[in-house]
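If you want the building blocks of each chain, they are given just below.
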Amino acid sequence: MSFKVGGITVKYLFLLGTALSVATPALADEAANDSIAADGIVVTATRTETPVSEIGQSVSVVTREDIERTQAVTATDVLARLPGVTFTQSGGFGQPASVFIRGAENAQSLVLIDGVRINDPGDVGGGFDFGSLTVGQFDRIEVVRGSSGVLWGSRAIGGVVNLITARPTEQWTARGQAEYGWRDQKQLGASAAGKVGPVGLTLGGNWLKGDGYSAFDERLGGKEKDGFESKSANARAEVELLGGLSADAGTYWTKANYDYDNTGADALNVGMKRDTVGYANLRYKGLDGRLTARVGYGLTDTRRISDDAVFGPYTTNGRADRFEGQVSYTPVDMASILVGAETEKQKFSDNYGSKDSTSIDSYFGMLTLRPVTGLTLNGGLRYDDNSDFGHKTTFSANGAWVIGGGESAPILRASYGEGFKAPSLYQLYTNGGFRALDPETSKSWDVGVEQPFAEGHGTFSVTYFDRKTKNLIDYDLAEWNYYNVGRARAKGVELGMQVSDWNGFDMSLSATYLDATNEDTGKQLARRPKTNLYASLDKHWSDGFRLGADLRVGGGRYDDVANTYYLGGNVLVGLRTAYDVTRNIQLYGRVENLFDEHYEVVRTYGTPGRAAYAGVRVKM
């Protein structure tokens, strides 16, 4: 059995259905007590707790249960399973990795940890490098697709990724994990949450180390392994003060050391990445929950060292300090309003004498109307005043309509959003002095429908999207500087299906068709595959045994802006299993790239071959 996707022949598509050697049962008769909708509250799309049924944008939620079921290790492992999301990486763990949401540049998507921006102020484009981010400490990941500049400001052109750590619980709980596998890869992780008197606490840590493989493709002659070691820790404290007033503070810290290649051959280069996030909030909730308010401070501090074996080290330091406040009020059930203000200052320095800064002040508002049962309309406006490029106003509107009632009612969604990306400090200052660059801007819209099925255990969705971006900042090799020169358009279709705990089955499907082009040249945007497919099927039995399989089909892509070098697609199959020894102890294992497929997503850079891992989880 075979078919063509993105110019490649896909074999063994039926493997997902046959790997478990069981037939799919009929729909369950019992009520869906643990349906997908039970976890249907998200924060990232609206900056307040909102039911998914009232959000007009496309949103994906990944839970801790999803992470453990799929045995994911890195953030890119998780994100690549979602509709509209692809990534590239120049080698293994630690090497630079870019995530593209609906074809947007990596620096055109905003990345948050516990709601705090972690995009690197010292990065060339102001983006976040996903190459060394593990997911062992996160309880939940929310991804909003589409321009979200009104609520989140600069960089939210492609979308927003929010990685959320665990919250304190009334009773103390803890979990731990140990894993070992291919090329001496070792992972240890632990977290605990509970209360000490009136103070709720969460603590966690994760360690990952391995020999790795040559970033320069081993099948092209790479022999020197590029190893890595990653350490991370997180903490959070929260306390109820009085009369609806509470305070919370937290931090997330990660450091990765790694070897890398960058010349199309083995090299003895070493690198280091360190990210620190800190935050503190004062919150108020009153009027029976109709009024909520928050004032907060967020800190992002980054350090990067790229120590080239020939040219020596290049070190960058980035820092962003952010103060913000917002108030949400629901005077009547059919209307809510959210208003907020933010101020941020960014700093950048390197070991070549650069020492620059910029600041931005922002004001935003969002109005939500519920004129009839099942219909929610959202509209918002934002004003930003940047110390370098001046001011920018953005607008958004979206709506969601639940047609009818009951757990099988379809939901229609539509949204329009504008976004912008402020020039990074590197682009503004590091080449020939200050450049008066304009922000990159976008206008996007999408429309889709979501249909629940399997008595509330499953959902199926289809979405069409279209985004136009202009004033793209690019480097002119002739002038040795950055200029606003580009225009791009990305449009396509996303399919998504999610089934949770239906007669012991969990199923997932995401498929994307993407047409992302440079409007000036007509060329395809580099490293964006036109087609992408992910499917998985898991079965668990009452005796604690679990078995699962997944299939990833990546379409071909051009590696350069001139569309000269074409990289073929790939088909990857994975198998996994787990067994609950007791209520608190689970053994698990997996095989990745079962058929040892050779492929590249970045020209001359390697990808992992067949690999096996095994581990144990303990929960208390």
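In what follows, the structure referred to is the one given above.
From a predicted model like this one, the values you see are computed outputs, not experimental measurements.

Calculation rules
Residues numbered from 1 in each chain as written. Predicted model: local features only at pLDDT ≥ 70, side-chain atom pairs only at ≥ 80, totals over all residues. Heavy atoms only, no water. Phe/Tyr/Trp six-rings, centres within 6.5 Å; stacked < 30°, edge-to-face > 60°. Helix = DSSP H or I, 4+ residues; strand = E, 2+ residues; numbered from the N terminus. Buried < 20%, exposed > 50% of the residue type's maximum accessible area, 1.4 Å probe, protein only. Lys NZ or Arg CZ within 6 Å of the ring centre and 35° of its normal. Pairing = 2+ DSSP bridges.

Student: Looking at this structure, how should I read the packing of aromatic side chains?
Tutor: A ring pair, where both rings are aromatic, is described by two values, the distance of the centres and the angle of the planes. Under the criterion given, the structure shown has 15 aromatic pairs. Between Tyr297 and Phe323, the aromatic rings sit 4.9 Å apart at their centres with planes inclined by 45°, giving tilted as the arrangement. One end of the pair, Tyr297, is in strand β18 (residues 291–308); the other, Phe323, is in strand β19 (residues 312–332), and 26 residues separate them in sequence. When the ring of Tyr558 is compared with that of Tyr566, the centres are 5.1 Å apart and the planes differ by 70°; the resulting orientation is edge-to-face. Its relative accessible area of 27% is what places Tyr558 among the partly exposed residues. The exposure class of Tyr566 is partly exposed, given its relative accessible area of 46%. Here a set of aromatic residues connected by ring pairs shows up, and it is made of Phe348, Tyr426, Tyr475 and Tyr482. Over the ring of Trp152 we find Arg47; its NZ or CZ atom is 4.6 Å from the centre of that ring. In this arrangement the basic side chain of Arg528 is found over the ring face of Phe100, its NZ or CZ atom lying 4.2 Å from the centre.

Student: How should I be thinking about the sheet that holds strand β5 (residues 58–63) in this particular structure?
Tutor: Within a sheet, neighbouring strands are paired by backbone hydrogen bonds and run either parallel or antiparallel to one another. Spatial strand order, β5-β10-β11-β8-β9: five strands in an open sheet with mixed pairing. For this open sheet the edge positions go to β5 and β9 (116–117), each flanked by a neighbour on one side alone. One ladder, built from six bridges, connects β5 with strand β10 (residues 138–145); its direction is antiparallel. Within β10, the residue paired with Ser58 across the bridge is Arg145.

Student: Sorry if this is basic, but what is going on with the pairing of strand β23 (residues 390–402) here?
Tutor: For a regular strand, side chains alternate in direction, first toward one face of the sheet and then toward the other. Sheet analysis places strand β22 (residues 375–386) next to β23, joined by twelve bridges and oriented antiparallel. Opposite Asn386, over in β23, you have Gly390 as the bridge partner. Hairpin remark: β22 followed by β23, antiparallel, with three residues in the connecting loop. For β23 and strand β24 (residues 411–421), the ladder comprises seven bridges, and the chain directions are antiparallel. The residue of β24 that forms the bridge with Ala397 is Tyr416.

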